[in-house]
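Here are the chains, one letter per residue:
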Amino acid sequence: MTVQPGLHRQHCSIAAPTQLWLDPDGRLAGEAGPAGAGNPSDPAGFTGLLHGDTRMLSRALVRVNGLEPEPATVETEPGGVLRVRGLVRGIPGPTEDPAVELVQTWTVTPGVVRHSLQLRTSLDSLDVEVEVELAADFTDMAQIRLSRFREASEPARADQSALRWREGGKTLSVAAPGAVTPDGRLAWRGSLGRGRTFEAEWQAVLTDDDDAVVAARPPSSRPARTGPAGALGLLLDNSLDEVAGLRLATRQLPDAPFTAAGAPWYFTLFGRDSLWAARLLLPLEAGLDTGLSAGTLRALAAFQGTRTDAAAAEEPGKILHELRSKELVLESQGLRLPPVYFGAVDSTPLWLCLLGELWRAGRNDDAVRSLLPNAARAAEWLLAAGASGASDGDGAGNGGFLSYRDATGHGLSNQGWKDSRDAMQFRDGRQAVGPIALSEVQGYAYQAALETAEIFDAYGEPGSQALRDFAAALRHRFRERFWVEDDAGPFPAMALDGQGIPLDIPGSNMGHLLGTGLLDEAEARIVADRLVSPELFSGYGVHTISRRAAGFWPFSYHCGSVWSHDTAIAIRGLLAEGFIAEARVLADGLLAAAASFGHRLPEVFAGIRAEDSEVAVPYPASCHPQAWSSASAVVIAQAMGVGL
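Read on for a plain summary of the structure. (Residues numbered from 1 in each chain as written. Predicted model: local features only at pLDDT ≥ 70, side-chain atom pairs only at ≥ 80, totals over all residues. Heavy atoms only, no water.)

## A word on the packing of aromatic side chains
Note the following rule: Only Phe, Tyr and Trp rings take part, Trp by its six-membered ring, and two of them pair if their centres are within 6.5 Å. Stacked means planes under 30 degrees apart, edge-to-face means over 60, and tilted covers everything else. Helix and strand definitions follow DSSP, with helices as H or I runs of at least four residues and strands as E runs of at least two, each counted in order from the N terminus. We call a residue buried when its accessible area falls under 20% of the maximum for its residue type, exposed when it is over 50%, and partly exposed in between, using a 1.4 Å probe and counting protein chains only. Geometrically, a lysine NZ or arginine CZ counts as sitting over a ring once it is within 6 Å of the ring centre and also within 35 degrees of the ring normal.
Under the defined criterion, the tally for this structure stands at 13 aromatic pairs. Ring centres of Tyr-557 and Tyr-619 lie 5.6 Å apart, and the angle between their planes is 35 degrees; on these two criteria the pair is classed as tilted. With Tyr-557 in the loop between helix H11 (521–531) and strand S26 (562–563) and Tyr-619 in the loop between strand S27 (604–605) and helix H14 (627–639), this pair connects stretches of sequence that are 62 residues apart. For Tyr-619, a relative accessible area of 14% puts it in the buried group. Taken together, the ring pairs in this structure connect Trp-417, Tyr-557, Trp-563, Tyr-619 and Trp-628 into an aromatic cluster. Here the guanidinium or amino end of Arg-279 rests over the ring plane of Trp-276, the centre of that ring lying 4.3 Å away.

## Concerning the sheet that holds strand S12 (residues 170–175)
By way of backbone hydrogen bonds, the strands of a sheet pair with one another, either parallel or antiparallel. The condition that has to hold: One bridge is not enough; two strands pair if DSSP finds at least two bridges between them.
Taking strand neighbours across the sheet as the criterion, the eight strands line up as S5-S6-S7-S8-S14-S12-S11-S10 in an open arrangement whose pairing is antiparallel. Looking along the sheet, the strands with just one partner apiece sit at the ends: strand S5 (70–77) and strand S10 (157–158). By the bridge criterion, two bridges tie S10 to strand S11 (residues 162–167) in an arrangement that is antiparallel. Considered in S11, the bridge of Arg-157 is made with Arg-164.

## Overview of the side chain of Thr-544
Rules: Any pair of nitrogen or oxygen atoms within 3.5 Å is treated as a polar contact; in protein, a donor-acceptor pairing is required on top of that, and neighbouring residues in sequence qualify only through side-chain atoms on both sides. Here, residues are in contact when the closest pair of their heavy atoms is within 4.5 Å.
Along the polypeptide, Thr-544 turns up in the loop between H11 and S26. Given the relative accessible area of 0%, Thr-544 is considered buried. A polar atom in the side chain of Thr-544 sits 3.4 Å from the backbone nitrogen of Cys-559. Discounting chain neighbours no more than four positions away, the residues touching Thr-544 are Trp-417, Lys-418, Met-494, Gly-507, Ser-508, Asn-509, His-558, Cys-559, Gly-560, Ser-561, Trp-563 and Asp-566.

## Focus on the sheet that holds strand S16 (residues 247–250)
Across the sheet, which stays open at both edges, the three strands sit in the order S15-S16-S17 with antiparallel pairing between neighbours. The two strands at the open ends of the sheet, each matched to only one other strand, are strand S15 (214–216) and strand S17 (258–259). Pairing of S16 with S17, which is carried by two bridges, proceeds in the antiparallel orientation. Following the sheet pairing, Arg-247 is matched in S17 by Thr-259.

Structural measurements only, silent on function.
Laid out in structure tokens, this is it:
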């Protein structure tokens with residue numbers, strides 16, 4: 001059995017498309033813990049210096065006079081900095097106190113990583129040799145996810161000032177003038193004493209000419225924080241720093257920034273992830289002048305579907321799901337996805353929703369106007385997808401709703417944000433069979449249709465009435481087909497299965513309906529009450545599925561865990577509907593969870609209730625940072641009445 005490497009104890013610093021991952025002790029040692037490459041069934045984690053979808057540097061072990069430092073602290077600082085403080089306890093001093101301290105500072109910028117070492121001592125004089133043992137393996141990200149790591153390779157070139165590795169179009173150059181030894185280590189010699197430090201530094205430069213898709217996008221300038229103090233202020237500061245580190249652009253449109261979905265697995269353009277991150281961050285754009293919303297829309301529009309291709313799930317007008325430089329193969333999940341993959345039912349309506357919100361904000365008329373042709377094609381896809389739905393050909397199922405089904409057998413079987421294989425379940429644990437129509441996607445579609453109709457009217461474009469008619473019919477059908485009832489009362493089902501049968505257990509999906517306009521006031525009240533009930537609210541966030549479901553498990557990726565962005569979207573909807581008290585309850589929960597993770601919000605954490613644990617419990621394979629999770633801090637601040 002293959003288990004993804006654990007990430008929850010690792011330390012990372014990112015400056016897209018470059019990532020640094022250290023182990024819990026702050027070491028870059030290869031595979032963390034006892035598992036390593038030889039025991040992939042029990043992976044403890046991984047470390048490395050990555051660029052794009054490749055780990056290049058796999059080891060950078062530091063020794064002082066042959067001794068590894070004993071770890072003390074690992075500190076994260078803004079601007080892609082990790083500071084590792086350790087004690088070299090094997091060097092004796094005049095007392096039992098440790099006599100030598102080593103401070104390592106890693107600074108990550110796109111394509112360039114600096115590692116500085118500073119030694120201090122309480123001794124009057126100490127001669128030292130500082131060495132760094134390096135290894136490079138060029139392991140592909142898909143193999144890292146399976147805990148399969150390549151053997152280290154020999155440098156392609158070495159001299160006294162630099163080491164260079166190359167594989168295809170990928171290169172790693174390590175510069176350390178005068179410090180490169182004949183056996184490929186870095187070594188410095190010198191002395192220090194009380195009040196006199198010893199310092200050394202080396203630099204890694206990483207390039208990937210094979211990746212013709214994404215490139216670094218320098219972050220926009222960010223003013224000094226003037227917001228709240230305390231836990232909320234720390235979360236906002238950390239989150240905005242994470243968003244800056246995730247900033248990318250495509251090589252095709254270098255002036256159209258977007259946020260990569262997340263580190264380490266999703267360091268590229270994703271439809272729904274990048275769109276939701278931009279939507280959550282939109283209130284900040286006036287102050288930060290990031291152009292993120294327009295950039296995200298433009299980047300995705302450049303790859304808008306033009307043909308029908310079942311292998312890529314492409315259709316004319318459709319917005320992509322994910323973009324990579326090559327085919328993604330995940331054997332353990334039976335996935336084989338082409339480089340430009342459209343297997344998402346929600347990306348297109350979410351694209352139209354963001355376009356509408358950007359237009360309403362009145363900040364970038366030129367961008368909106370330039371995207372009108374793309375909006376027209378996306379609207380045509382929306383109308384066609386909503387009119388036909390997907391069926392098994394016998395007239396049953398979910399015609400009239402946006403739905404999905406993988407036609408290839410090696411694509412995503414679930415194509416909403418809950419995209420794991422077991423995500424769509426009935427109360428008794430049975431998995432739904434497609435084609436599946438998700439409740440939240442109907443809400444996105446409803447809002448998208450009305451937003452786009454208003455844009456078309458404002459710019460004198462045709463097609464607005466067809467969109468309004470579609471929205472009205474969708475609202476009526478949704479009320480007839482999606483609402484079900486249990487012993488706690490009515491609620492909107494997570495989805496309809498391929499026979500049109502609603503999934504009979506509450507899930508967090510209903511929170512995404514708030515603020516879309518699909519629900520009336522009474523229906524929104526029902527959803528608000530469900531979201532804050534013990535059935536769905538863990539005290540830290542909203543469970544992905546009801547605790548009463550047979551398939552509930554707090555460590556399930558989509559069937560019992562808590563996702564930061566999922567709860568934040570519910571908060572956003574509650575605020576839009578006027579349920580301020582309920583929004584504050586969920587926001588307080590997320591803020592408490594963030595305190596458990598160093599005042600940061602990971603992709604997902606375990607659905608352990610607050611009454612059962614005083615801290616939020618990690619989900620081991622959770623990405624961090626994740627764009628829409630980091631962006632969730634903005635919604636938390638809004639719920640707490642902080643002006644942004």
